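# An overview of the molecular structure
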Amino acid sequence: MPDSLHSRISKKTAKIALIGLGYVGLPLAVSFAQKGFKVLGVDTNETRVDRIRNLESYIADVTNRDIGQVIKRGFFSVSTDFALLSQADVIIICVPTPLKRKYTPDVSYILSAIKSVARYLKRDSLVILESTTYPGTTEEVIKPELEKSGMLAGRDFHVAFSPERIDPGNKEFKVTSMPKVVGGFTPKCTQLAALVYSQITKHVHVVSSTKVAEMTKLVENSFRIVNIGWINEIAQSCHKMNIDVWEVIKAANTKPFGFMAFYPGLGVGGHCIPEDPLYLYWKAKRYGFNSRFIKLAADVNANMPEFVVGRLKELIKNPPKAKLLIVGVTYKKNVKDLRKSPPLKLIELLQSFGRVDYYDPFVPYLKLGEINMESVVLNAATIKKYDGVVIAVDHTDVDYELIRRNAKFIFDVKNIYSNTRDKKIVRL
């Protein structure tokens, strides 16, 4: 008689498949392979698959060496062929969940993946969704689709949800050090999913249902979008009252309880913070509830590039002829990630100025929509050509002193020059 799924997971003989090899799926796949599991990565993107086969990473949190080691040891393979899912005991889905229009979730990638899984699902296997989505997706969308195979969830196969908690570029909190939240369709589903993640991390927090696990992710990201939106609103009000918002935050942060520092900026980027809370906003509306905080925060954050453009028009003489250099175009510091990046919107809005260029050590060129630019070489001669420099992202590997010495004017969105007193520096 074959081993149970519980036994196969415990013995590391269970075969694990990851669908979607992006910033969530690839680190997860490599982590399981490093622990001795046979892991299959499936992705529709042939370029991604080819790069992995060539031992080349495209994710900041996974090195070429990481990939090379697990592939050469035979623990990791990749393919575009979903038929190989028939070999998997555990299938983890990490596909994108964008918004198809304002405030409306797009679960088409999840549905496409689930339909493929349903064709090749075998008995006593476990399907886990990690893609962020609205509460109820696992039970209302995934479970019924999988049951079209003729098998029943909780009896013939198992279903669970575990929200991804990847923070690209964060060296302190990686996949294997991040606590995992797990909620299954049945107690056994939950137990098996918790056992899977306990193989790569010490901290697994079990919740009572898939809905609770789905809601957990949305609450985490809504907490951030609301607080970032609020501090961006505070920054605007401080500007009106001629108050240094950075000094205010620093002072408030001396309180040992009841305050957590958030910092203003151009808005929010990536996938999680700009979009995930709107899944909750959309779902709440279907229950007749208006989640006002989320929508207000999203609107405030989305307006920050326009606020900065307005400030620049006040500060720079003759904007239609002014030449500006934007420093940093990624959505966060020290990562090569342009998803929903607020500096891109800033560049688009600044097209009314005489000329706009950018410098970013992580992004040699930009070709997105109407933007087609190359990063300039950052040196004294280049900086002196511009009427102003905007510090949009606080990358570590940038010579800010070089910029200070040679720029005619600096608009510091990220408070880089917090300890510098120079009349040509204006902070957000």
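What you see is a predicted model, and the numbers here were worked out from it, not measured in a lab. (Residues numbered from 1 in each chain as written. Predicted model: local features only at pLDDT ≥ 70, side-chain atom pairs only at ≥ 80, totals over all residues. Heavy atoms only, no water.)

### Digging into the packing of helix H6 (residues 137-146) against helix H8 (residues 210-240)
Orientation of H6 relative to H8, taken along the N-to-C sense of each, is 120°, at an axis distance of 8 Å. Here H6 contributes Thr137, Thr138, Glu139 and Glu140 to the contact with H8, which in turn contributes Thr210, Lys211 and Glu214. Residues that form the contact of H6 with H8 fall into these classes: no nonpolar, three polar and four charged. (Axes fitted to C-alpha atoms, helices over the stretch in contact; angles between N-to-C directions. Helix = DSSP H or I, 4+ residues; strand = E, 2+ residues; numbered from the N terminus. Contact = heavy atoms within 4.5 Å. Nonpolar A, V, L, I, M, F, W, Y, C, P; charged D, E, K, R; others polar.)

### Some words on a nonpolar patch on the surface
On the surface, a cluster of nonpolar side chains totalling about 260 Å² of accessible area is made up of Met241, Ile243 and Val248. With respect to the helices, strands and loops of the structure, valine 248 is situated in helix H9 (residues 245-252). Taking relative accessible area as the criterion, valine 248 reaches 37% and is therefore assigned partly exposed. (Patch = residues over 30% accessible without salt bridge, like charges linked within 9 Å, V, L, I, M, F, W, Y side chains within 5 Å. Areas by Shrake-Rupley, 256 points an atom, 1.4 Å probe, with all protein chains shown as cover. Salt bridge = Lys/Arg side-chain N within 4 Å of Asp/Glu carboxyl O. Buried < 20%, exposed > 50% of the residue type's maximum accessible area, 1.4 Å probe, protein only.)

### A closer look at the side chain of serine 341
Along the chain, serine 341 turns up in the loop between strand E11 (323-327) and helix H12 (342-349). Separated by 3.4 Å, the side chain of serine 341 and the backbone nitrogen of tyrosine 331 make a polar contact. Not counting chain neighbours up to four residues away, the residues in contact with serine 341 comprise Val329, Thr330 and Tyr331. (Polar contact = N/O pair within 3.5 Å; in protein donor to acceptor, adjacent residues only side chain to side chain.)

### A word on the sheet that holds strand E15 (residues 388-391)
Read from one edge of the open sheet, five strands run E12-E11-E15-E16-E17, paired in parallel fashion. The open sheet terminates on both sides in strands that have one partner only, identified here as strand E12 (355-359) and strand E17 (425-427). Mean inter-strand twist for the sheet, computed between neighbouring axes without regard to direction, equals 20°. Sheet topology places E15 next to strand E16 (residues 410-412); three bridges connect them, and they run parallel. Residue valine 390 lies in a different strand from E16, and its bridge partner there is phenylalanine 411. (Pairing = 2+ DSSP bridges.)

### A few points about the state of the cysteines
The full count for this structure, using the stated rule, is zero disulfides. Take cysteine 189: it sits in no disulfide, and the sulfur closest to it among the cysteines is that of cysteine 94, at 18 Å. Residue class for cysteine 189 comes out buried when judged on its relative accessible area of 0%. (Disulfide = S-S within 2.5 Å.)

### Some details on the pattern of salt bridges
Throughout the structure, instances matching the rule amount to 19 salt bridges. Overlapping salt bridges bring together Arg8, Asp89, Lys122 and Asp124 as one network.

### A look at the packing of aromatic side chains
On inspection of all chains with the given rule, the structure shows six aromatic pairs. Between phenylalanine 32 and tyrosine 197, the ring centres sit 6.4 Å apart and the planes meet at 50°, which makes this aromatic pair tilted. Linking phenylalanine 32 in helix H2 (residues 25-34) with tyrosine 197 in helix H7 (residues 187-198), this pair joins segments that are 165 residues apart in sequence. Phenylalanine 32 gets classed as buried once you look at its relative accessible area, which sits at 0%. The structure contains a cluster of three or more aromatic residues connected by ring pairs, namely Phe32, Phe37 and Tyr197. Over the aromatic face of tyrosine 197 sits the side chain of lysine 180, whose NZ or CZ is 4.6 Å from the ring centroid. Across the ring face of tyrosine 23, the terminal group of arginine 339 is positioned such that the distance to the ring centre comes to 4.1 Å. (Phe/Tyr/Trp six-rings, centres within 6.5 Å; stacked < 30°, edge-to-face > 60°. Lys NZ or Arg CZ within 6 Å of the ring centre and 35° of its normal.)

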